[in-house]
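Each chain is listed here by its residues.
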Amino acid sequence: MTAQATAAMQFTRSGAELTVTRDFAAPPGRVWRAFTTPDLVPQWLWAFDYPMTECRMDVRPGGSLLWRWANAAGESFHFEGPIVEVEAPHRMVHVERLNGDPAMAATVETRFDATATGTRMVMTIRYPTPESLEAAMATGMTDGMAQTYDKLDALLEAGTA
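Counting starts from 1 at the beginning of each chain's written sequence and moves along it residue by residue. Whole-chain, interface and lining totals are the exception, using all residues; otherwise, since this is a predicted model, local features are given only for residues with pLDDT of at least 70 and side-chain atom pairs are given and counted only at 80 or more. Processing note: side-chain calculations cover all non-hydrogen atoms of the structure and skip hydrogens and water entirely.

A.B. asks: What exactly am I supposed to notice about the overall build of the protein chain here?
C.D. replies: In this text, helices come from DSSP runs of H or I with a minimum length of four residues, and strands from runs of E with a minimum of two, each type numbered from the N-terminal end. Counting its regular elements, the protein chain contains four helices and nine strands. Traced from its N-terminal end to its C-terminal end, the protein chain shows the element sequence β-β-β-α-α-β-β-β-β-β-β-α-α. The globule rule puts the C-alpha radius of gyration for 161 residues at 15 Å, and the 15 Å found for the protein chain is close to it. Exposure categories follow from relative accessible area, calculated using a 1.4 Å probe and restricted to protein chains: below 20% of the type maximum is buried, above 50% is exposed, and the middle band is partly exposed. When burial is assessed residue by residue, the protein chain has 45% of its 161 residues classed as buried. For the protein chain, the proportion of contacts with a sequence separation of at least 24, taken over those separated by at least 6, is 42%. The protein chains shown are the only cover counted for residues, whose accessible areas, like all others here, come from Shrake-Rupley with a 1.4 Å probe. Roughly 7,900 Å² of accessible area belongs to the protein chain as shown, and the carbon and sulfur atoms make up 53% of that amount. Averaging the coordinates of the 13 positive side-chain charges in the protein chain and doing the same for the 20 negative ones gives two points 4 Å apart. The size measure is the radius of gyration over C-alpha atoms, and the globule rule it meets is 2.2 Å times the number of residues to the 0.38 power. Between two residues, a contact is recorded if the distance between any of their heavy atoms is within 4.5 Å. For this count, His and the chain ends are skipped, Lys and Arg are scored as positive, and Asp and Glu as negative. Every charge is mapped onto a representative atom, which is NZ of Lys, CZ of Arg, CG of Asp or CD of Glu.

A.B. asks: Sorry, what's going on with the packing of aromatic side chains here?
C.D. replies: Within a pair of aromatic rings, the relevant descriptors are the distance that separates the centres and the angle that separates the planes. Only Phe, Tyr and Trp rings are paired, with Trp represented by its six-membered ring, and only when their centres lie within 6.5 Å; those with planes under 30 degrees apart are stacked, over 60 edge-to-face, the remainder tilted. What the rule picks out here adds up to eleven aromatic pairs. Between W67 and W69 the ring centres are 6.4 Å apart and the planes differ by 70°, which places this aromatic pair in the edge-to-face class. Here W67 matches W69 in class, with each residue buried. Members of the aromatic cluster, each reached through a chain of ring pairs, are F24, W32, F35, W44, F112 and Y149. The ring of W46 carries the charged tip of K151 above its face, separated from the ring centre by 4.1 Å. By definition, being over a ring means that NZ of Lys or CZ of Arg is both within 6 Å of the ring centre and within 35 degrees of the ring normal.

A.B. asks: Please explain the packing of helix α1 (residues 28-36) against helix α4 (residues 141-158) as it appears in this structure.
C.D. replies: A pair of packed helices is characterised by two quantities: the angle between their axes and the separation of those axes. For the pair α1 and α4, the least separation of the axes is 11 Å and the interaxial angle reads 120°. Classed by the angle they form, the pair α1 and α4 counts as oblique. Read as a crossing pair, α1 and α4 show a hand that is right-handed. Residues R30, V31, A34 and F35 of α1 lie in contact with α4, whose contacting residues are Y149, L152 and L156. The classification used treats Ala, Val, Leu, Ile, Met, Phe, Trp, Tyr, Cys and Pro as nonpolar, Asp, Glu, Lys and Arg as charged, and all other residues, Gly among them, as polar. A breakdown of the residues in the contact of α1 with α4 according to their chemical character gives six nonpolar, no polar and one charged. Lines fitted to the C-alpha atoms define the axes, with helices restricted to the stretch that makes contact. Angles between their N-to-C directions range from 0 to 180 degrees. The scheme is simple: roughly parallel for angles under 35 degrees, roughly antiparallel for over 145, roughly perpendicular for 65 to 115, oblique for anything else. By convention the crossing between two helices is left-handed if the near helix lies anticlockwise of the far one by an angle smaller than a right angle, and right-handed if it lies clockwise.

A.B. asks: Would you explain α4 in this entry?
C.D. replies: For an α-helix, 3.6 residues make a turn, and residues three or four places apart therefore share a direction. Helices are assigned an expected span. That span is 1.5 Å times one less than the residue count. Taking 1.5 Å of rise per residue, the 18 residues of α4 would be expected to cover 26 Å, and the 26 Å separating its terminal C-alpha atoms lies within 8% of that figure. For α4, the set of buried residues is M141, T142, G144, M145, A146, T148, Y149, L152, L155 and L156. G159 sits one or two positions beyond α4 and adopts a positive phi of about 80°.

A.B. asks: Before we go on, may I ask you to explain the pattern of salt bridges in this structure?
C.D. replies: Two side chains of opposite charge can pair, provided their charged atoms sit close to one another. The working definition used for a salt bridge is a side-chain nitrogen of Lys or Arg within 4 Å of a carboxyl oxygen of Asp or Glu. For the coordinates displayed, the defined rule picks out 13 salt bridges. Between R126 and E17 there is a salt bridge whose closest N-O contact spans 3.1 Å. With R126 in strand β9 (residues 118-126) and E17 in strand β3 (residues 17-24), this residue pair connects regions lying 109 residues apart in the sequence. Residues joined in a network through salt bridges with shared partners are E17, E85, E87, R91, E109 and R126.

A.B. asks: I keep staring at the environment of G144 and nothing clicks. Help me out?
C.D. replies: Looking at the secondary structure, you find G144 in helix α4. Looking at G144, the relative accessible area reads 8%, which means it is buried. For the pair formed by G144 and E85, sequence separation is 59 residues and the distance between their alpha carbons is 25 Å. What G144 contacts, discounting residues up to four positions off in sequence, is A47 and F48.

A.B. asks: Sorry, what's going on with the pairing of strand β6 (residues 76-87) here?
C.D. replies: A regular strand carries its side chains on alternate faces of the sheet. Across seven bridges, the pairing between strand β5 (residues 64-70) and β6 is antiparallel. The partner of R68 across the bridge, within β6, is H78. Between any two strands, pairing holds if DSSP finds at least two bridges. Pairing of β6 with strand β7 (residues 91-98), which is carried by six bridges, proceeds in the antiparallel orientation. Among the inter-strand pairings, V86 is bridged to a residue of β7, identified as M92.

What follows is the structure, given as structure tokens:
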């Protein structure tokens with residue numbers, strides 16, 4: 001198992017699993033809303049030069065999500081998959097297939113736990129193999145997550161989520 005911390009975030013890797021821990025200065029209900037409301041998600045869930053161009057979410061067991069990003073040159077990628085479990089506002093399990101590829105499907109469990117100062121998010125991403133986790137990490141995923149969660153902090157601080 002390896003762990004690394006970036007600002008207010010910690011990444012822990014073990015085999016084909018990545019756990020991301022991040023604190024937010026807002027109660028779980030507000031963080032949940034920012035994570036699950038299709039009008040809010042594109043405001044923060046993008047990094048580098050790839051703004052989110054499409055966000056569809058049916059947040060219920062048996063529902064699904066589609067998130068698409070594109071840069072100015074027209075290069076794009078997306079995640080799609082089913083939503084497996086929902087315990088609002090504290091837990092959601094969904095599957096993310098990068099560009100629809102089952103070989104790059106990851107099961108994502110996200111928990112939102114109340115703390116004295118807001119919410120601790122613990123996201124556990126389970127990839128099919130350690131190699132698929134390595135491929136995901138090679139994309140700059142952790143830097144991108146840091147950028148997106150900084151945007152989410154600003155959105156929460158502004159009170160618009």
